[in-house]
Amino acid sequence: MGRLEQHLSNFNNTISEQIKNNRDISVVTHIDCDGLTSGAIITKALIRAGAKISVHTTKEMNSTIIKNLQSDSHDFHIITDLGGGFAKQIGEALGQNWFIIDHHEIPQEEHDNDSVINAWKYGINGGIEICAGGMAFLAAKALDKRNSDLASIAVVSALGDRQDQGERKSFLGKNLEIVEEAKTNGSLKVDMDLLLVGRETRALVDALAFTSQPFIEGLTWNRDASLALFKSAGIELKDGGRWRTPSDLTEEEKRIIIESITKFASNQNASQIMEELIGHTYTFPVEEPRSFLRDAREFSTMLNSCGRIGRSGVGIAICMGDRNKILQEGENILLEYRKLIRDYMNILTNERWRISDSAKCVMVNGEGIIPETMSGTISSLLAGSPKNAGKIIILRTNGEENTIKFSSRKSTGCKTELNLSTLMKSGAEKFNGIGGGHDAAAGAKITKDKLDGFLDYLEDNVNGNINQN
């Protein structure tokens with residue numbers, strides 16, 4: 001038995017014992033897509049096993065959250081997509097009554113802690129091969145093989161964390177195994193298609209205009225140019241009274257659209273744009289056609305939107321199978337989220353003083369406009385823009401209680417050896433803050449009085465380490 005199997009078996013034995021003794025179990029998870037899916041997978045598996053359980057979300061792990069866990073009424077705690085670097089504190093507060101299920105890089109001493117079930121401990125790259133949702137899925141299957149029907153939710157989590165890093169947006173490592181499992185149980189269909197956003201739900205013009213990965217200069221964020229492209233290509237935009245979506249396109253229409261985009265982008269890097277515009281799509285055939293849950297990428301965006309605007313409960317309920325009134329709520333949340341993103345991007349475009357651009361790094365000041373919960377979304381969008389290609393994006397926003405939150409991303413084509421998780425974690429610790437994440441996406445939080453020192457630290461380390469190829 002491998003080390004991972006051994007730890008999952010231990011998880012099963014411990015949790016089964018808790019359920020048998022009628023103990024109260026709490027699941028605490030992060031607010032993003034990976035957090036909501038991992039929390040929902042574990043919660044669903046525990047409910048099926050007959051557990052007394054409640055689930056809560058939080059923006060981050062910190063000493064206040066740990067104190068709250070210690071003083072609440074639950075007997076046992078499962079923390080998903082959070083808690084890396086906090087195992088010692090959690091152990092001191094909760095004794096043996098906890099597990100962390102996660103995929104963020106962790107310090108070496110946590111590799112020896114049996115309460116930590118983390119991808120990196122088992123030689124699995126948590127940045128690209130599995131996320132917290134995938135790890136939660138493995139734990140759920142250890143409780144009961146029948147939980148393999150939750151594989152599709154683990155696929156959503158991997159897309160939410162942008163782990164479709166293989167050729168043509170395919171998956172790697174454990175994620176690929178989870179995709180195969182979802183295909184085998186009939187809950188997932190994988191195709192090669194145009195990667196326009198909103199495949200099932202957005203009118204064609206909006207789907208093209210709001211596709212930002214790849215970013216097509218002149219088309220992305222430009223509805224008029226997108227409309228003109230469809231008109232000149234002779235593509236019907238309506239079917240009777242209904243706006244057509246990308247999922248309605250015929251193979252011939254897709255070919256015509258690809259040709260039109262190639263011509264439009266001929267003065268840009270058209271071959272690279274095509275490389276990114278055609279790839280694997282992940283569809284859930286059991287969901288209604290034209291539902292925002294049918295395309296797994298749209299599903300992941302909806303979950304991110306729930307968490308980012310303070311409606312995590314809606315996202316968790318949908319992951320766990322609620323399909324009644326809650327679906328309409330999910331749709332409204334998605335529309336609100338999209339509008340907020342457009343507003344924030346417009347402000348950053350218009351208030352140029354907020355962006356400091358050097359050869360190797362783009363520093364963005366989002367203080368006063370971008371809420372802390374949206375910092376990751378906006379930094380990811382900036383990282384997808386061609387004018388930032390090859391650079392590191394570092395966005396800062398106001399956090400709670402006199403803090404500043406930093407979100408960093410490697411943009412498309414960034415060749416640096418610098419590990420952003422190490423950069424953020426080491427830097428934050430120097431200034432009594434907290435930080436961490438992944439090689440290509442990480443965050444940190446410091447108090448406002450340390451801002452100037454932390455900015456100097458970032459500038460020195462980023463400019464000293466980027467290898468521009």
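All values derive from a computational prediction rather than experimental measurement.

Asks: For this particular structure, what's the right way to read the pattern of salt bridges?
Replies: In a structure, side chains of opposite charge can pair up when their charged atoms sit close to one another. According to the stated counting rule, one finds 36 salt bridges in the structure shown. When the shortest N-O distance is used, the salt bridge between Glu17 and Lys20 registers 3.8 Å. Residue Glu17 and its partner Lys20 are both found in helix 1 (residues 3-20); the two are separated by three residues, about one turn of the helix. Because the salt bridges share partners, they merge into one network encompassing Asp193, Arg199, Glu251, Lys254 and Asp295.

Asks: What is the right way to look at helix 13 (residues 312-319) in this model?
Replies: The periodicity of an α-helix, 3.6 residues per turn, causes residues three or four places apart in sequence to face the same way. Buried residues dominate helix 13, accounting for seven of its eight residues. Within the sequence span of helix 13, burial applies to Ser312, Val314, Gly315, Ile316, Ala317, Ile318 and Cys319. Remark: Gly321 follows helix 13 within two positions and exhibits a positive phi of approximately 110°.

Asks: Where do I start with the sheet that holds strand 12 (residues 392-398) in this structure?
Replies: In sheet architecture, strand pairing relies on hydrogen bonds along the backbone and comes in two forms, parallel and antiparallel. Spatial strand order, 10-11-12-13-15-14: six strands in an open sheet with mixed pairing. Pairing within the sheet leaves two strands with one partner each, and these edge strands are strand 10 (355-357) and strand 14 (434-437). For this sheet the average axis-to-axis angle between neighbouring strands, irrespective of direction, equals 15°. Sheet topology places strand 10 next to strand 11 (residues 361-365); three bridges connect them, and they run antiparallel. Among the inter-strand pairings, Ile355 is bridged to a residue of strand 11, identified as Val364. Here helix 15 (residues 375-383) sits on the sheet and contacts strand 11, strand 12 and strand 13 (403-410); the angle it forms with strand 13, its principal contact strand, is near 35°.

Asks: I tried to follow the packing of helix 2 (residues 33-48) against helix 12 (residues 296-308) on my own but got confused; where do I start?
Replies: Between two packed helices, what matters for the description is the angle formed by their axes and the separation of those axes. At a minimum axis separation of 8 Å, helix 2 and helix 12 run at an interaxial angle of 95°. The angle between helix 2 and helix 12 falls in the class roughly perpendicular. Contacts between helix 2 and helix 12 involve Cys33, Leu36 and Thr37 on the former and, on the latter, Ser300, Leu303, Asn304, Cys306 and Gly307. Of the residues contributing to the contact of helix 2 with helix 12, the split by class is four nonpolar, four polar and no charged.

Asks: Help me understand helix 16 (residues 420-430), please; the structure alone is not making it clear to me.
Replies: Turning to helix 16, its buried residues number three or more, namely Leu420, Ser421, Leu423, Met424, Gly427 and Ala428. In a view along the axis of helix 16, the buried residues occupy a sector of 165°, so they form one face of it. By the N-cap criterion, in which a side-chain oxygen at the helix start approaches the backbone nitrogen of a residue two or three places on, helix 16 is capped by Asn419, the distance to Ser421 being 2.8 Å. Count one or two residues on from helix 16 and you reach Asn432, which has phi positive near 60°.

Asks: Please explain the packing of aromatic side chains as it appears in this structure.
Replies: The description of an aromatic ring pair rests on the distance of the ring centres and on the angle between the ring planes. Applying the stated criterion across every chain yields a total of nine aromatic pairs. Each ring, one from Phe210 and one from Trp221, has its centre 6.0 Å from the other, and the planes form 75°; the classification is edge-to-face. A residue pair is termed long-range when its members are at least 10 positions apart, and Phe210 in the loop between helix 8 (204-209) and helix 9 (223-233) and Trp221 in the loop between helix 8 and helix 9 qualify at 11 residues. Exposure remark for Phe210: the relative accessible area of 16% places this residue in the buried category. Taken together, the ring pairs in this structure connect Phe406, Phe431, Phe454 and Tyr457 into an aromatic cluster. Taking NZ or CZ as reference, Lys238 lies 4.6 Å from the ring centre of Trp243, over its face.

Calculation criteria
- Residues numbered from 1 in each chain as written.
- Predicted model: local features only at pLDDT ≥ 70, side-chain atom pairs only at ≥ 80, totals over all residues.
- Heavy atoms only, no water.
- Salt bridge = Lys/Arg side-chain N within 4 Å of Asp/Glu carboxyl O.
- Helix = DSSP H or I, 4+ residues; strand = E, 2+ residues; numbered from the N terminus.
- Buried < 20%, exposed > 50% of the residue type's maximum accessible area, 1.4 Å probe, protein only.
- Pairing = 2+ DSSP bridges.
- Axes fitted to C-alpha atoms, helices over the stretch in contact; angles between N-to-C directions.
- Contact = heavy atoms within 4.5 Å.
- Parallel < 35°, antiparallel > 145°, perpendicular 65-115°, else oblique.
- Nonpolar A, V, L, I, M, F, W, Y, C, P; charged D, E, K, R; others polar.
- Arc of directions from axis to C-beta.
- Polar contact = N/O pair within 3.5 Å; in protein donor to acceptor, adjacent residues only side chain to side chain.
- Phe/Tyr/Trp six-rings, centres within 6.5 Å; stacked < 30°, edge-to-face > 60°.
- Lys NZ or Arg CZ within 6 Å of the ring centre and 35° of its normal.

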